[in-house]
Amino acid sequence: MLQAVKGTRDLLPGTCRKFRHVEQTASQIASLYGFDEIETPILEPAALFLRSLGDTSDIVSKEMYRFTDAGGDDLVLRPEGTAGVARAFISEGLAQELPLKLFYRGPMFRRERPQKGRYRQFYQCGVELLGVESPAADLEVIACGYHMLQELGLSQNLTLRLNSIGDLESRALFRDRLKDYLLQHRDQLSKDSQDRLERNPLRILDSKDPGDRKLLEHAPRLEQMLTPAAREFFSQVQQGLKALKIPVVIDPLLVRGLDYYCHTVFEFTTENLGAQNAVLAGGRYDGLVSDLGGPKVPGVGWAFGTDRLVLLLDELKGEWKRTPSFALIPVGDRAEALLSELAQELRRAGLRVDLSFSGNLGKRMKRADKVGATAAVIFGDNELNADRFQIKHLKSGTQSEVPRAQIIEELRRLATQP
Ligand code: HAM
């Protein structure tokens with residue numbers, strides 16, 4: 001039997017509904033902050049990620065779905081959205097539109113080891129704010145992310161971790177110092193960290209290995225190497241978050257795995273998803289657009305894993321609103337003949353209507369229950385003669401008789417009841 005590719009999933013209707021709820025909430029809140037939606041291609045030139053994420057990042061060194069197509073082009077199924085947005089900014093000539101606020105959503109691909117909350121095809125929603133150098137932009141995007149998580153009912157169960165990795169100068173200095181320190185303790189490092197020591201020592205700060213973590217307690221600290229300008233920038237971000245009453249934990253070990261970051265980096269993490277604890281993550285990337293051959297334009301943004309937020313809603317038994325629906329149940333031939341006409345009338349009035357195409361009253365009531373209908377509209381010869389239909393509220397079991405002309409009004413009323 002053919003199976004879905006390892007690490008990919010079929011999102012069945014129940015799960016899809018939750019995905020759409022999360023995406024729609026994100027899109028609505030993003031628009032409150034002035035972000036407009038952009039959609040960039042899933043296929044991008046491999047060079048885009050090689051030049052932006054860094055050769056030594058896990059994504060570029062081992063996780064990309066990269067292939068040469070029949071025409072000889074070197075392509076990648078995008079592993080993330082920021083590089084594509086920066087590419088679009090350059091190739092679409094959007095420099096006149098700055099500051100630019102963009103929201104996006106869609107599938108991303110990384111060939112990681114699949115586990116709970118980690119897939120090879122997964123989904124992100126993200127925002128990018130281009131063209132603003134000041135910490136006000138960092139605050140704007142973090143506040144927007146926090147607002148979304150609040151709206152989804154998840155903010156109390158998440159921790160916002162924040163760090164500054166400084167400007168390029170601070171970062172290069174820190175990288176050298178950290179490497180010198182770790183080289184002195186090379187033998188005590190885990191195998192993974194030994195491998196990273198040459199390629200990307202900063203990533204060792206992310207290590208979960210207890211021995212590595214112990215060594216890191218005495219390692220040089222990035223904060224000691226921040227230039228005065230970088231220090232001031234970081235302090236303004238912290239003050240701004242305080243003024244906005246967004247709780248934050250400063251995490252000096254937070255570095256993030258992609259090369260394009262500078263200054264602010266942050267992650268909202270959870271204790272409820274096992275090892276995959278980051279649900280929303282991002283930072284500032286002032287060098288990205290120019291590294292890709294565009295003008296010198298600063299940027300800051302984040303992306304959340306839609307799959308992880310859906311899991312978290314499940315885990316915490318969070319609520320997502322389903323649009324109320326109604327079942328139409330005809331009894332007898334005359335009613336059956338009028339069924340689709342009535343269904344269309346209600347749908348044109350904006351009501352969600354489910355039909356079961358056969359079966360007696362009992363069977364159709366069962367289906368109404370199964371699809372989670374709010375109420376059933378029942379009508380047979382008696383109701384048609386009297387021009388009054390029965391409306392049965394499924395949760396409470398109460399039944400009432402409503403004049404035919406008032407059905408739409410009554411269903412709308414039921415649809416808005418909590
Ligand atoms: P990232 O940290 O690589 O950042 O991914 C952001 C989020 O995507 C993660 O926190 C996680 O929730 C989700 N995610 C990542 N990999 C997987 C996976 N294999 N399965 C399920 N979910 C996953 C970025 O992608 C940056 N582009 C974020 C950004 C935007 N920075 C600035 N602007």
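See the structure printed just above.
All of the points below concern the structure found in this document.

### A look at the overall build of the chain
- When helices and strands are counted, the chain shows 15 helices and 16 strands.
- With the C-alpha coordinates of the chain rotated into their principal frame, the extents come out at 90 × 55 × 45 Å.
- Long-range contacts, defined here as pairs at least 24 residues apart, represent 68% of the contacts in the chain between residues at least 6 apart.
- Carbon and sulfur atoms form 49% of the exposed surface of the chain, whose accessible area is close to 20800 Å².
- Of note, the chain has its 57 positive side-chain charges centred 5 Å away from the centre of its 57 negative side-chain charges.

### Structural notes on the site of the ligand
- The environment of the ligand is made up of 26 residues, and the closest members are Glu 80, Thr 82, Glu 112, Glu 128 and Tyr 261.
- The separation between an oxygen atom of the ligand and a polar main-chain atom of Gly 305 is 3.2 Å.
- Arg 308 is positioned such that a nitrogen or oxygen atom in its side chain is 3.5 Å from a nitrogen atom of the ligand.
- Look at the ligand: alone it shows 660 Å² of surface, and the protein chains cover 95% of it.
- Looking at the shell around the ligand, the element that brings in the most residues is strand E10 (residues 278-284), giving 6 residues.
- Grouping the constituent residues of the shell around the ligand by class yields 12 nonpolar, 7 polar and 7 charged.

### Topic: the packing of aromatic side chains
- For the coordinates displayed, the defined rule picks out 6 aromatic pairs.
- Judged by centre distance (5.6 Å) and plane angle (85 degrees), the ring pair of Phe 19 and Tyr 123 falls under edge-to-face. On the criterion of sequence distance, the pair formed by Phe 19 in helix H1 (residues 13-32) and Tyr 123 in strand E6 (residues 121-130) is long-range, its members being 104 residues apart. Take Phe 19 and Tyr 123: they sit in the same class, and that class is buried.
- Here Trp 302 and Phe 304 contribute two aromatic rings whose centre-to-centre distance is 6.0 Å and whose plane-to-plane angle is 20 degrees, an arrangement assigned as stacked.
- Classification of Trp 302 as buried rests on a relative accessible area of 2%.
- What links up through ring pairs into an aromatic cluster is the set Tyr 260, Tyr 261 and Tyr 285.
- Directly above the ring of Tyr 119 sits Arg 9, whose terminal nitrogen or CZ lies 4.0 Å from the centroid.

### What about the pairing of strand E12 (residues 325-330)?
- Extensive coverage of E12 is indicated by the burial of 6 of its 6 residues.
- What you see with E12 is no split at all: Ser 325, Ala 327 and Ile 329 on one side and Phe 326, Leu 328 and Pro 330 on the other are buried throughout.
- Two elements, E12 and strand E13 (residues 352-354), share 3 bridges in a ladder whose sense is parallel. Bridge pairing in E13 links Ala 327 to Asp 354.
- Tracing the backbone out of E12, into helix H12 (residues 333-348) and back to the parallel element E13 gives a crossover that is right-handed.
- Bridge analysis of E12 against strand E14 (residues 375-379) gives 5 bridges, and the strand direction is parallel. By the bridge assignment, Ile 329 is partnered in E14 with Ile 378.

### So, the packing of helix H5 (residues 135-151) against helix H9 (residues 228-243)
- For the pair H5 and H9, interaxial distance at closest approach is 9 Å and the crossing angle is 40 degrees. Classed by the angle they form, the pair H5 and H9 counts as oblique. In this structure, H5 meets H9 at a crossing whose hand is right-handed. Residues Pro 135, Asp 138, Leu 139 and Ile 142 of H5 lie in contact with H9, whose contacting residues are Phe 233, Gln 236, Val 237, Gly 240 and Leu 241.

### Points about the nonpolar core
- Judged by nonpolar contacts, the single largest core of 96 residues is most densely connected at Phe 35, Val 141, Trp 302 and Phe 304.
- It is H5 that contributes the most residues to this core, 9 residues altogether.
- Setting aside chain neighbours within four positions, we find Phe 304 in contact with Val 22, Ala 26, Tyr 123, Gln 124, Cys 125, Met 148, Val 279, Leu 280 and Leu 309.
- Core analysis: the second largest hydrophobic core is formed by 20 residues, Ala 343, Leu 351, Val 353 and Ile 391 among them.

### Remarks on the pairing of strand E3 (residues 65-68)
- The pairing of E3 with strand E4 (residues 74-77) spans 4 bridges and is classified as antiparallel. Paired with Arg 66 across the strands is Val 76, a residue of E4.

What counts, and where the lines are drawn
- Residues numbered from 1 in each chain as written.
- Predicted model: local features only at pLDDT ≥ 70, side-chain atom pairs only at ≥ 80, totals over all residues.
- Heavy atoms only, no water.
- Helix = DSSP H or I, 4+ residues; strand = E, 2+ residues; numbered from the N terminus.
- Contact = heavy atoms within 4.5 Å.
- Areas by Shrake-Rupley, 256 points an atom, 1.4 Å probe, with all protein chains shown as cover.
- Lys, Arg positive; Asp, Glu negative; His and termini not counted.
- Charge placed at Lys NZ, Arg CZ, Asp CG, Glu CD.
- Near = heavy atom within 4 Å.
- Polar contact = N/O pair within 3.5 Å; in protein donor to acceptor, adjacent residues only side chain to side chain.
- Nonpolar A, V, L, I, M, F, W, Y, C, P; charged D, E, K, R; others polar.
- Phe/Tyr/Trp six-rings, centres within 6.5 Å; stacked < 30°, edge-to-face > 60°.
- Buried < 20%, exposed > 50% of the residue type's maximum accessible area, 1.4 Å probe, protein only.
- Lys NZ or Arg CZ within 6 Å of the ring centre and 35° of its normal.
- Pairing = 2+ DSSP bridges.
- Right-handed = clockwise from strand over helix to strand, strands pointing away.
- Axes fitted to C-alpha atoms, helices over the stretch in contact; angles between N-to-C directions.
- Parallel < 35°, antiparallel > 145°, perpendicular 65-115°, else oblique.
- Left-handed = near helix turned anticlockwise from the far one by under 90°.
- Core = buried A, V, L, I, M, F, W, Y, C linked by side-chain atoms within 4.5 Å.

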